[in-house]
Amino acid sequence: MRMLSVLAFSLCVFVSPVAAAGRPNILFVNVDDQSPYDFKFYNSNSPLQSPTIDQLAAQGMVFDAAYHMGSFSGAVCTPSRHMIMCGRTVWHLPLSPGAMQKNLCPPNLEKNTLAAVFNRAGYKTMRTSKTGNSYAAANKQFTVLKEASKRGDTDDTGSAWHAEQVLDYLKQREANKDKEPFLIDFGFSHPHDTRDGKPELLAKYGAVNHVDKKTVPPVNPKAPALPISYLPVHPFNHGNMTVRDEVAVSGVWGSRDEGTIRNELGRECACSENIDTQIGRVLERLRAMGELDNTYIIYTADHGIAIGRHGLQGKQNLYEHTWRVPLVVKGPGIKPGSRAKGNVYLLDLLATMCDLAGVKPPDSNEGISYKPVLEGKADTVRDVLYGVYTGGEKPGIRCVRKGDWKLIKYDVQNGIVHETQLFNLADNPSELLEQHHDLKVIALTGNRPDKNQVNLAGDPKYADKLKEMEELLLAEMRRLNDPYRLWSQPKDDLPVLKK
Ligand SMILES: [Ca+2]
């Protein structure tokens, strides 16, 4: 018996240092404003060449339903980045309207954000990213912090700068003979506008860094084709028609003509390919250092973006191109070339990273670890997804998704706009509307939608499904402390928020 205990004890002693030394590194790549449809593994029509990220996808797991939860600000980046850092839901953040007063968010939350948690667990933490529209108090927790907004068309002023910060950090780590595992938050300032691409990449994608507001770029046959959900104008006022992204993005402004949109998509590809190249440099360095196989690499964006889809340009909507984000995870124990249909939020990242690293998540975390999905032990960790955009007019836009069904509702213009959209995403993944059936639109996109690829909300055949989704949306709004209600919902005695 004693022998057995000694043996068990020795095994523990033997196992734990190995486990400690083998704790995985995490390289978290977070780009700014990128639709999942940039990538061929989400959109076979995309012309983007992204060999590094494609290889991560081939060696790891691709998520088909990764979402940010939404925003109460036109700067969608800001709540999204808060949710990533603290793992809390959209109405429970330090800056969520009324959250601190209503005790929906604990004080000093920054002490329980990503870097703070990993620092306490003995990790070395480093971050590079853009400045602003983020969670500054959480960012300051990183031991090494290199922030600057780099959206230029050269290495010094563009994405290469962020890679250089990581490469310098790795060099220092090697010089110091650091043995502790690292958590690197490898952020980029692109492909957020202004999308100033490098000249050789712009040429490849038939685009120019368009600067003259008085002209529109000519249609270049080498530029990416119009997306199939392209529209020359959104069919109704969705309450955010004059927000910066819809009218003031350099190179686009209010234009939605073919030349402008295809040029901007070409610029997006130029910026995205450069990001891919820069990630490749860092991965090569990790390989040379012998660290790559023990590193989880997570690739995502803070939210998606429209760029001409549905007649929109920005991130202030809840269509899939904008509500969804790209998400690829590669690392030990993840089956190469695997795919997860299942649902995750960006706010689940903190719990997941903690789980992968064997670190206890903070009590303030509300996210769910999707490590079981990464290990192939579960299909999903969530059945229902809720989305909000209320950065412009109130109450704004809400959506809910369950399985293939998605409901979007718009309550804006002081009650003048009450719109409801119901989509079956299996049949209509691009959320095509009646307007996409217009022959003039078909002539531009080359896409002839199927008859059932429309908004189904007004179709009596789907009345029961619509009712079910409406109930689900209200339940999610209540569960998540959404402080608003839509015209079709009970008022629930909520106090009126100052606009
Ligand atoms: Ca962003």
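Only a predicted model underlies this, so the values are computations on that prediction, with no experimental measurement involved.

Peer 1: Now, about the state of the cysteines: what can you tell me, with residues and values included?
Peer 2: Per the counting criterion, the structure on display carries 0 disulfides. Looking at the unpaired Cys86, the closest cysteine sulfur is the one in Cys105, lying at 6.7 Å. When its relative accessible area of 0% is taken as the criterion, Cys86 is described as buried. Unpaired in this structure, Cys271 has its nearest cysteine sulfur neighbour in Cys269, at a distance of 9.5 Å. Owing to a relative accessible area of 2%, Cys271 belongs among the buried residues under this scheme.

Peer 1: Go over the sheet that holds strand 12 (residues 405–412), please, and point to the residues and values.
Peer 2: Taken in spatial order, the 5 strands line up as 3-10-11-12-13 in an open sheet, and their pairing is mixed. Bordering the open sheet on either side are strand 3 (70–71) and strand 13 (417–424), each of which pairs with just one other strand. Note that strand 10 (residues 384–389) and strand 11 (residues 396–402) share 6 bridges and pair antiparallel. Of the residues in strand 11, the one forming a bridge with Leu385 is Arg401. Running over the sheet, helix 14 (residues 463–479) touches strand 10, strand 11, strand 12 and strand 13 and is turned about 110° from strand 11.

Peer 1: Go over the packing of helix 6 (residues 159–175) against helix 9 (residues 258–288), please, and point to the residues and values.
Peer 2: The N-to-C vectors of helix 6 and helix 9 enclose an angle of 10°; their axes lie 9 Å apart at closest approach. With respect to their mutual orientation, helix 6 and helix 9 come out roughly parallel. Each of Ser159, Ala160, Ala163, Glu164, Val166, Leu167, Leu170 and Glu174 in helix 6 lies in contact with helix 9, whose residues at this interface are Asn274, Ile275, Gln278, Arg281, Val282, Arg285 and Leu286. Classifying every residue of the contact of helix 6 with helix 9 gives 8 nonpolar, 3 polar and 4 charged.

Peer 1: Describe the side chain of Arg324, listing the residues and the values that go with them.
Peer 2: Along the polypeptide, Arg324 turns up in the loop between helix 10 (320–323) and strand 8 (327–330). Buried and unpaired, Arg324 has no salt bridge, with Glu320 as the nearest side chain of opposite charge at 4.5 Å. Apart from the residues lying within four places of it in its own chain, the contact partners of Arg324 are Pro36, Tyr37, Tyr42, Asp64, Ala66, Tyr67, His303 and Gly304.

Peer 1: Residues and numbers for the coordination of the calcium ion, please.
Peer 2: Around the calcium ion, the protein supplies Asp32 (OD), Asp33 (OD), Cys77 (SG), Asp302 (OD), Asp302 (OD) and His303 (NE2) as donor atoms, at distances of 2.2 to 2.7 Å. Bound by 6 donor atoms, the calcium ion shows angles of 51 to 161° at the metal and therefore irregular coordination geometry. Binding-site remark: the calcium ion is held by donors from one chain whose sequence spacing is D-D-x43-C-x224-D-H. Pair check on accessibility: Asp32 and Asp33 agree, each one buried.

Conventions adopted
Residues numbered from 1 in each chain as written. Predicted model: local features only at pLDDT ≥ 70, side-chain atom pairs only at ≥ 80, totals over all residues. Heavy atoms only, no water. Disulfide = S-S within 2.5 Å. Buried < 20%, exposed > 50% of the residue type's maximum accessible area, 1.4 Å probe, protein only. Pairing = 2+ DSSP bridges. Helix = DSSP H or I, 4+ residues; strand = E, 2+ residues; numbered from the N terminus. Contact = heavy atoms within 4.5 Å. Axes fitted to C-alpha atoms, helices over the stretch in contact; angles between N-to-C directions. Parallel < 35°, antiparallel > 145°, perpendicular 65-115°, else oblique. Nonpolar A, V, L, I, M, F, W, Y, C, P; charged D, E, K, R; others polar. Lys, Arg positive; Asp, Glu negative; His and termini not counted. Salt bridge = Lys/Arg side-chain N within 4 Å of Asp/Glu carboxyl O. Donors = N, O, S within 2.8 Å, 3.2 Å for Na, K, Ca; no water. Tetrahedral: all angles 85-135°; square planar, octahedral: opposite > 155°, others 65-115°.

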